[in-house]
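Structure at a glance
The primary structure of each chain is shown beneath.
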Amino acid sequence: MITTDEIERRVEKADADKSAKRTAAAREVGELAHRRAALAEELADVERKLGTVLAAAADVIGIDELTEFTDVPAADLTRWLTAGKPRARRGRPPGSRRPKPETQPGTSPALASPEPRPEPPMTDAQPPAVQGQRS
């Protein structure tokens, strides 16, 4: 029969192997994630520079000619060009909103009661049947 000490040693060995694999996996994921972040920042910087160059050259060469000369797809060139431009504001321009309706002093528009509606005249005719009911 196996001793308690031997069982404990085997468990510790199995845990050590698993721990080493977990450490290696975590280390590699961390290194690759850092590398990816650095590359993404570098790519963003290159794309900003492309946008700046495209905007500066827009008066002498267009997207179509650049596509023809460089074999870079027009969609990419356009994306880089427009990514550097500030986006238009959404919503109404300042001063274009309708003014709030004026209220009389001492009254609040939320508390004003609606005008009463005249009730329809009563007739001897029966009301129309409601769908699903039998007469």
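Thresholds, definitions, all that
- Residues numbered from 1 in each chain as written.
- Predicted model: local features only at pLDDT ≥ 70, side-chain atom pairs only at ≥ 80, totals over all residues.
- Heavy atoms only, no water.
- Helix = DSSP H or I, 4+ residues; strand = E, 2+ residues; numbered from the N terminus.
- Buried < 20%, exposed > 50% of the residue type's maximum accessible area, 1.4 Å probe, protein only.
- Areas by Shrake-Rupley, 256 points an atom, 1.4 Å probe, with all protein chains shown as cover.
- Axes fitted to C-alpha atoms, helices over the stretch in contact; angles between N-to-C directions.
- Parallel < 35°, antiparallel > 145°, perpendicular 65-115°, else oblique.
- Left-handed = near helix turned anticlockwise from the far one by under 90°.
- Contact = heavy atoms within 4.5 Å.
- Nonpolar A, V, L, I, M, F, W, Y, C, P; charged D, E, K, R; others polar.
- Salt bridge = Lys/Arg side-chain N within 4 Å of Asp/Glu carboxyl O.
- Core = buried A, V, L, I, M, F, W, Y, C linked by side-chain atoms within 4.5 Å.
- Arc of directions from axis to C-beta.

Focus on the overall build of the protein chain
- Counting its secondary structure elements, the protein chain contains 3 helices and 0 strands.
- Helices and strands appear in the protein chain in the N-to-C order α-α-α.
- Here the protein chain holds 135 residues, and 4% of them are scored as buried.
- Of the roughly 13400 Å² of accessible surface on the protein chain, a fraction of 56% belongs to carbon and sulfur atoms.

Looking at the packing of helix α2 (residues 63-70) against helix α3 (residues 74-83)
- Running from amino to carboxyl end, α2 crosses α3 at an angle of 130°, the nearest separation of the two axes being 9 Å. Considering their axes alone, α2 and α3 lie oblique with respect to each other. The two elements α2 and α3 cross, and the hand of that crossing is right-handed. The residues of α3 that touch α2, namely those facing Ile 63, Leu 66 and Thr 67, are Ala 74, Leu 77, Thr 78 and Leu 81.
- In the contact of α2 with α3, the residues fall into 5 nonpolar, 2 polar and no charged.

Digging into the pattern of salt bridges
- In this structure the tally under the stated criterion is 8 salt bridges.
- Its salt-bridge partner being Arg 9, residue Glu 6 comes within 2.6 Å of it at the nearest N-O pair. Within this pair, Glu 6 and its partner Arg 9 are both found in helix α1 (residues 4-57), separated by 3 residues, close to a single helical turn.
- Residues Arg 79 and Asp 76 are paired through a salt bridge, measuring 3.2 Å at the closest nitrogen-oxygen approach. Here Arg 79 and its partner Asp 76 are both found in helix α3, 3 residues apart, which amounts to about one turn of the helix.
- Assessed through its relative accessible area of 24%, Asp 76 is described here as partly exposed.

Thoughts on the packing of α1 against α3
- In the contact formed by α1 and α3, the axes pass within 7 Å of each other and the chain directions differ by 90°. As far as their axial angle goes, α3 and α1 are roughly perpendicular. For the pair formed by α1 and α3, the contact residues are Glu 47, Leu 50, Gly 51, Leu 54 and Ala 55 on the first element and Leu 77, Arg 79, Trp 80 and Leu 81 on the second.
- The residue inventory of the contact of α1 with α3, partitioned by class, reads 6 nonpolar, 1 polar and 2 charged.

What about the environment of Leu 50?
- Tracing the backbone through its elements, the reader meets Leu 50 in helix α1.
- Classification of Leu 50 by relative accessible area gives partly exposed; the value is 29%.
- Remark: the alpha-carbon pair of Leu 50 and Ala 83, spanning 33 residues in sequence, is separated by 9.8 Å.

Here's the deal with the nonpolar core
- Ranked by size, the top nonpolar core spans 5 residues in total: Leu 54, Leu 66, Leu 77, Trp 80 and Leu 81.
- Among the elements that line this core, the one with the most residues is α3, at 3 residues.

A short note on α3
- All of the buried residues along α3 are Leu 77, Trp 80 and Leu 81. Axial view of α3: buried residues confined to an arc of 100°, hence all on one face. In α3, the exposed positions angled more than 90 degrees off the buried face are occupied by Ala 75 and Ala 83.
- At its buried positions, α3 is contacted by α1 and α2.

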